[in-house]
Amino acid sequence: MSPRYRNGANQAGTVIAIVADVMAFILGLWILMYLLDANRANDLVQFIHDAARWLAGWSHDLFTFDAEWARVVAGYGLAAVVYLFVGHAIANRVHRH
């Protein structure tokens, strides 16, 4: 393989890892905002909530804990961990090739 091709693979892997990190950051930020009882009328808080809800659509309300905060932490936290794990696994796979 030419060095030019390998550099492109490294860049693609880096982009994949960064996207996974940003997705996990948004989810983690929403968890923090929820736990700190951020003002949901605020535009930034609403944007983060909407983005996190979309990213965690598959894991939202997956758990049925009695406490709402536990459902938020578990549901959104699971999505963040999965995005980090899968995103970095794919990035590492791309880096190797």
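Analysis parameters
- Residues numbered from 1 in each chain as written.
- Predicted model: local features only at pLDDT ≥ 70, side-chain atom pairs only at ≥ 80, totals over all residues.
- Heavy atoms only, no water.
- Helix = DSSP H or I, 4+ residues; strand = E, 2+ residues; numbered from the N terminus.
- Buried < 20%, exposed > 50% of the residue type's maximum accessible area, 1.4 Å probe, protein only.
- Polar contact = N/O pair within 3.5 Å; in protein donor to acceptor, adjacent residues only side chain to side chain.
- Contact = heavy atoms within 4.5 Å.
- Core = buried A, V, L, I, M, F, W, Y, C linked by side-chain atoms within 4.5 Å.

### Considerations on the side chain of serine 59
Along the chain, serine 59 falls in the loop between helix 2 (43-55) and helix 3 (68-96). Under the relative-accessibility criterion, serine 59 is labelled buried at 0%. At 2.7 Å, the side chain of serine 59 forms a polar contact with the backbone oxygen of glycine 75. For serine 59, the contacting residues outside a window of four places in its chain are Gly75, Leu78 and Ala79.

### Some points on unusual backbone geometry
Across residues other than glycine, the phi torsion is negative in most instances, and most of the peptide bonds are trans. Positive phi is not limited to glycine here, since aspartate 37 has a value of about 55°. Following the sequence through the fold, aspartate 37 ends up in the loop between helix 1 (3-35) and helix 2. Look at aspartate 37 and you get exposed, because its relative accessible area is 66%.

### Some points on the nonpolar core
Core analysis: the biggest nonpolar cluster contains 19 residues, and Leu27, Trp30, Ala52, Leu55, Tyr76 and Tyr83 have the highest contact counts within it. Elements supplying a minimum of two residues to this core: helix 1, helix 2 and helix 3. For this core, the element with the most residues is helix 1, which contributes 8 residues. Leaving out residues up to four positions away in the same chain, tyrosine 83 has contacts with Ala20, Met23, Leu27, Leu55, Trp58 and His88.

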